[in-house]
Number of protein chains: 2
Amino acid sequence: MTHTDVTTRPAELAPCGQPDHPDCGIRDVLDRVGDKWSVLVVVELANGARRFRELERAIDGISQRMLTLTVRKMERDGLVLRTVYPTVPAQVDYRLTETGASLTHLVKALSAWSLDHRDAIAEARRAYDAEHPDNEIRRGSTPGTP
Amino acid sequence: MTHTDVTTRPAELAPCGQPDHPDCGIRDVLDRVGDKWSVLVVVELANGARRFRELERAIDGISQRMLTLTVRKMERDGLVLRTVYPTVPAQVDYRLTETGASLTHLVKALSAWSLDHRDAIAEARRAYDAEHPDNEIRRGSTPGTP
DNA sequence: CGGTATCCTCGCAGATACTG
DNA sequence: CAGTATCTGCGAGGATACCG
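From a predicted model like this one, the values you see are computed outputs, not experimental measurements.

**Focus on the nonpolar core**
Taken as a class, soluble globular proteins show a tendency for nonpolar side chains to be buried jointly. Ile-26 and Tyr-94 of chain A together with Ile-26 and Tyr-94 of chain B are the most contacted members of the largest nonpolar core, which has 63 residues in total. Excluding its chain neighbours within four sequence positions, the residues that come into contact with Tyr-94 of chain B are Leu-45, Ala-49, Arg-50, Phe-52, Leu-55, Val-71, Arg-72, Val-80, Leu-81 and Arg-82 of chain B.

**Points about the pattern of salt bridges**
Residues and elements named next belong to chain A. Summed over the entire model, instances satisfying the criterion amount to 15 salt bridges over all chains. A salt bridge links Lys-73 to Asp-35, with the nearest nitrogen and oxygen atoms 3.7 Å apart. Of the two residues, Lys-73 is situated in helix H4 (residues 64-76) and Asp-35 in the loop between helix H1 (26-33) and helix H2 (36-46); the sequence distance between them amounts to 38 residues. A salt bridge links Glu-44 to Arg-50; the nearest nitrogen and oxygen atoms lie 2.9 Å apart. Here Arg-50 falls in the partly exposed class, since its relative accessible area comes to 21%.

**What about the protein's contact with DNA strand C?**
What surrounds DNA strand C is a group of 19 residues, the closest being Arg-65 of chain A together with Arg-53, Gln-64, Arg-82 and Tyr-94 of chain B. Counting only atoms of DNA strand C within 4 Å of the protein, the sugar-phosphate share comes to 65%. The contact in question runs from a phosphate oxygen of DNA strand C to an N or O atom on the side chain of Arg-72 of chain B, over 3.1 Å. Within the backbone of Val-92 of chain B, one N or O atom sits 3.4 Å away from a phosphate oxygen of DNA strand C. When residues in the surface near DNA strand C are grouped by element, the largest group, four residues, is from helix H4 (residues 64-76) of chain B. Taken together, the residues of the surface near DNA strand C sort by class into seven nonpolar, five polar and seven charged.

**Comments concerning the protein's contact with DNA strand D**
Around DNA strand D, the surrounding shell holds 18 residues, and the nearest of these are Arg-53, Arg-82 and Tyr-94 of chain A together with Arg-65 and Met-66 of chain B. Those atoms of DNA strand D that come within 4 Å of the protein belong to sugar or phosphate at a rate of 68%. Within the side chain of Arg-65 of chain B, one N or O atom sits 2.4 Å away from a base nitrogen of DNA strand D. If you list the elements that add at least two residues to the surface near DNA strand D, you get helix H3 (52-58), H4 and strand E3 (91-96) of chain A together with H4 of chain B.

**Things to note about the side chain of Ser-102 of chain A**
Its location among the elements puts Ser-102 of chain A in helix H5 (residues 98-131). Polar contacts involving the side chain of Ser-102 of chain A include one to the main-chain carbonyl oxygen of Thr-99 of chain A, which spans 2.4 Å. Within the local environment of Ser-102 of chain A, its side chain forms a polar contact with the side chain of Trp-113 of chain B, the two groups lying 2.7 Å apart. In this view, Ser-102 of chain A contacts Trp-113 and His-117 of chain B; residues no more than four positions away in its chain are not counted.

**Focus on the packing of H1 of chain A against helix H5 (residues 98-131) of chain B**
It is at 8 Å that the axes of H1 of chain A and H5 of chain B come closest, and there the two elements cross at 70 degrees. Taken together, H1 of chain A and H5 of chain B sit at an angle that is classed as roughly perpendicular. In this structure, H1 of chain A uses Ile-26, Asp-28, Val-29 and Arg-32 of chain A to contact H5 of chain B, whose residues at the interface are Val-107, Leu-110, Ser-111, Trp-113, Ser-114, Arg-118, Ile-121 and Arg-125 of chain B. Looking at the contact of H1 of chain A with H5 of chain B residue by residue, the classes come out as six nonpolar, two polar and four charged.

**Digging into the sheet that holds strand E1 (residues 50-51) of chain B**
Residue and element names in this part refer to chain B. Taking strand neighbours across the sheet as the criterion, the three strands line up as E1-E3-E2 in an open arrangement whose pairing is antiparallel. A single partner strand is all that each edge strand has here, and the edge strands are E1 and strand E2 (80-85). Across two bridges, the pairing between E1 and strand E3 (residues 91-96) is antiparallel. Across the sheet, residue Arg-51 finds its bridge partner in E3, namely Asp-93. Sheet strands touched by H4: E2 and E3. Its angle to E2, the strand with the most contacts, is close to 110 degrees.

**Here's the deal with the environment of Lys-73 of chain B**
Judged by relative accessible area, Lys-73 of chain B falls into the buried class, the value being 6%. For the pair Lys-73 of chain B and Thr-97 of chain B, spaced 24 residues apart in sequence, the C-alpha to C-alpha distance is 13 Å.

Rules and cut-offs
Along each chain, residue indices are assigned from 1 in the same order as the chain's sequence is written. Key to labels: chains lettered from A, ligands numbered from 1, both in the order written. A pLDDT threshold of at least 70 governs which residues receive local features in this predicted model, and a stricter bar of 80 or more applies before side-chain atom pairs are shown or counted, although totals over entire chains, interfaces and linings include all residues. Neither water nor hydrogens contribute to the side-chain values; these are computed over all heavy atoms in the structure. The definition of a nonpolar core used throughout is a set of buried Ala, Val, Leu, Ile, Met, Phe, Trp, Tyr and Cys residues joined through side-chain atoms within 4.5 Å. Note on exposure labels: buried denotes an accessible area under 20% of the residue type's maximum, exposed denotes more than 50%, and partly exposed covers the range between, all computed with a 1.4 Å probe on protein chains only. Two residues qualify as a contact provided that any one of their heavy atoms is within 4.5 Å of a heavy atom in the partner residue. Salt bridges are counted wherever a side-chain nitrogen of Lys or Arg sits within 4 Å of a carboxyl oxygen of Asp or Glu. Helical segments are the DSSP runs of H or I of at least four residues, strand segments are the runs of E of at least two, and each set is numbered from the N terminus. Near is defined per residue: the residue qualifies when any heavy atom it owns lies within 4 Å of the molecule or strand. As used in this structure description, the phrase polar contact means that two N or O atoms lie within 3.5 Å; if the pair is within protein, one of them must be able to donate a hydrogen and the other to accept it, and residues adjacent in sequence are counted only when both atoms belong to side chains. Three residue categories are used. Nonpolar comprises Ala, Val, Leu, Ile, Met, Phe, Trp, Tyr, Cys and Pro, charged comprises Asp, Glu, Lys and Arg, and polar comprises the others, including Gly. Lines fitted to C-alpha atoms define the axes, with helix axes restricted to the stretch in contact, and inter-axis angles between N-to-C directions lie between 0 and 180 degrees. For classification purposes, an angle smaller than 35 degrees is called roughly parallel, one larger than 145 roughly antiparallel, one from 65 to 115 roughly perpendicular, and anything else oblique. Pairing between two strands is assigned when DSSP locates at least 2 bridges connecting them.

Spelled out as structure tokens, the structure:
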């Protein structure tokens, strides 16, 4: 039985975490582009084709290895197209496929959301930290606490 | 209210990976909800308030620890609201805040994207694997994990 | 029920070195 | 330039046990 019933639930979101329900696809998409590197590659390539080095430089902090892995995985998933030019000092460029390009969409929405709620979140954090001074949940922020 | 204009194709995406550019917020948002658990919590809470146990049951595979951590982090970020009822066998429920609710939007878009491109990706994978039988990039697939 | 505290593992990711 | 290969660590996250 294929539950091809994408039944576009207007208000509700299909259950996702269940093993019996196949899931709403969230887990898939997160496994695919849930890591920051993939997303940042999409961001870079959203503005046009880039060569390996260009990507490496554009994405601060990524290691050669991770870039290779990321870009390979994305190639395999059909999100990026890899083109090798047999020049002397080998040249390769990457560009988004149709499928990959459709992601820029989501990435932009994500970016917009972040920008939109960034200070609300910062504020919420401050409030929380003020009320829970002992709490050590500080994952993802407050750098100066070694 | 829909405020995140997902459909507009404005211009270019701001550079993100740079240390000198502040960044487009992508890294922030990924640090915040980039992990699958957070997203799945959003998905569950999108359909209404849930108690701890309910969340735990709804999100298959999550450990108690991770649920606590995830939900705490989200509380701190002002994405979920935690309410404790001082009943005898303590009762707590979680619901999305305004900010958190604005995420359901993105999550739905993510879900839609996944559903929409799921088989294209599966196909791309098969094609890739056929052409690269030696390659061991199989990260993100080969589900057989009990 | 709704957590916290502890331990322990395994795999992701960084650094480094070598090749075509 | 554009990778591949290898070693290693570190820490996210699962399992378990125990409290209010």
